[in-house]
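The lines below spell out each chain.
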Amino acid sequence: MIKRIGVLTTGGDSPGTNAVIRAIGKSSQSQGIQLIGFQDGFSGMADDHFLELESSYFSGIITKGGTLLGTNRDLPNKVLVDGNCVDLTAEIVNIYNKHELNCLICLGGGGAQESARILMEAGLNMITIPVTIDNDIPHTDASVGFDSAMQTAAEAIDRLHSTAISHHRIIIVEIMGRETGWLTLGAGIAGGADVILIPEIPYDFKKISEAIFQRSRSGKRFSLIAVSEGAISLDSVLFFQKARKTSERLHTGQAENEIAQKLELIEKKAAGDTLHLAHQLEKMTSLVTRVTILGYVQRGGTPSARDRLLATRLGTACVNFIIQGNFGVMTAISEGKIEAVPIADVAGKVKSIPLDHAWLHAARQVGTCLGN
């Protein structure tokens, strides 16, 4: 019989997180289950910082952004203590047992899935709920927070249109998404961006310039570009491909692996250089170019109605899975239906935008340049 369950938040904050906690809490109470909330992610759990979540905690939080439990990016085996990463998996297991929990619910993105996998291997009953603005978790159509963040980014693009038109400028809007471009693509289409650049499609400076010149020839003396923070130029991709081939030819064994790892790190740092993109386009087009980096603005504010609805559905379904003894799964939504997806199928994986995705097709159909 299920008597006590725990919940915590890990990774970046996301609109709708409190709505998920509320759904879990109210649904648990209706089943006579005590809910324990651990503060500030896995480091907080390791230190046994907890709240016994009673009815008063759930009042009025469905519209509030952030997370009442606090969060950080620590994994159970990589908790930052005095500047060093420490494995606190054993301590977390002890706290789980101390509170006599039947299951621990982990809310978050990719880090939450990986953390759950680690704790499952340590013998804990785990369930996750996808909560991230990036929408990059596999096997779920949407994650809590994505719709709200996309709305915020689209509204920012709307506002910047007037400045771009008034001053005849190129306005570049950098949107979150280091590995995938879901947020940028959705907001860019909704906001009517003229150019959309995402990590899945390396961009060519010449192609972007040609698109801007084409707009100028048609009498439109401004352009608005939505770019993911992880977008990378074709020049950079080709450079690193050549560097890898050279390394493979000159090195073998451990040396080759070490160089390959270093090249991968350098390539990741080369991605997302929005200021360099702005400088290159200004030089190639002779148009004044300005950059707006939305940053953490996308994480804040009141969650959208769609995110609150999704949060409520996933949170209540999660409790039902626990009652059924269905552990080791992520609570997902697929074609409108709630599903239990094995965490093993999700942890360590990223949902990139397929190059034949309908959103990309729609963007091209309306004349949006995708940089290639």
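Here, every reference points to the structure presented above.
These remarks concern the structure in this document.

Conventions and cut-offs
Residues numbered from 1 in each chain as written. Predicted model: local features only at pLDDT ≥ 70, side-chain atom pairs only at ≥ 80, totals over all residues. Heavy atoms only, no water. Helix = DSSP H or I, 4+ residues; strand = E, 2+ residues; numbered from the N terminus. Rg over C-alpha atoms; globule rule 2.2 N^0.38 Å. Buried < 20%, exposed > 50% of the residue type's maximum accessible area, 1.4 Å probe, protein only. Areas by Shrake-Rupley, 256 points an atom, 1.4 Å probe, with all protein chains shown as cover. Lys, Arg positive; Asp, Glu negative; His and termini not counted. Charge placed at Lys NZ, Arg CZ, Asp CG, Glu CD. Expected span 1.5 Å × (residues − 1). Bend = angle between axes of the 7 residues up to and from the residue. Contact = heavy atoms within 4.5 Å. Disulfide = S-S within 2.5 Å. Pairing = 2+ DSSP bridges. Right-handed = clockwise from strand over helix to strand, strands pointing away.

### What about the overall build of the protein chain?
Right, on to step 1. Within the protein chain, the regular secondary structure consists of 12 helices and 13 strands.
Right, on to step 2. Against the globule reference of 21 Å for 372 residues, the protein chain gives a C-alpha radius of gyration of 23 Å, in line with a compact fold.
Right, on to step 3. Dimensions of the protein chain along its principal axes, counting C-alpha atoms only, are 70 × 55 × 40 Å.
Right, on to step 4. Burial analysis of the protein chain (372 residues in total) assigns 52% to the buried set.
Right, on to step 5. Total accessible area on the protein chain stands at roughly 17,000 Å², and carbon and sulfur atoms take up 50% of it.
Right, on to step 6. Across the protein chain, the mean location of the 35 positive side-chain charges is 7 Å away from that of the 39 negative side-chain charges.

### A short note on helix α5 (residues 146-167)
Right, on to step 1. With 22 residues, α5 extends 32 Å from end C-alpha to end C-alpha; this agrees with the ideal 32 Å at 1.5 Å per step.
Right, on to step 2. In α5, a bend of some 25 degrees at Leu-160 exceeds every other bend along the element.
Right, on to step 3. Three or more residues of α5 are buried, namely Phe-146, Asp-147, Ser-148, Ala-149, Met-150, Ala-153, Ala-154, Ala-156, Ile-157, Leu-160, His-161 and Ala-164.
Right, on to step 4. The inward-facing, buried residues of α5 abut β8 (170-175), α6 (182-191), β10 (223-228), β11 (289-293), α11 (305-323) and α12 (358-365).

### Digging into the state of the cysteines
As used here, a disulfide is simply a covalent bond connecting the sulfur atoms of two cysteines.
Right, on to step 1. Taken as a whole and judged by the stated rule, the model has zero disulfides.
Right, on to step 2. Free of any disulfide, Cys-103 has its nearest neighbouring cysteine sulfur in Cys-318, separated by 6.6 Å.

### A word on the pairing of strand β6 (residues 103-108)
Right, on to step 1. The buried count for β6 comes to six of six residues, which makes it a mostly enclosed element.
Right, on to step 2. Every second residue of β6 is oriented toward a common face, with Cys-103, Ile-105 and Leu-107 on one face and Leu-104, Cys-106 and Gly-108 on the other, all of them buried.
Right, on to step 3. One ladder, built from five bridges, connects strand β1 (residues 4-9) with β6; its direction is parallel. The partner of Thr-9 across the bridge, within β6, is Leu-107.
Right, on to step 4. For β6 and strand β7 (residues 126-130), the ladder comprises five bridges, and the chain directions are parallel. Paired with Cys-106 across the strands is Thr-128, a residue of β7.
Right, on to step 5. Crossover β6 to β7 through helix α4 (residues 110-121) is right-handed.

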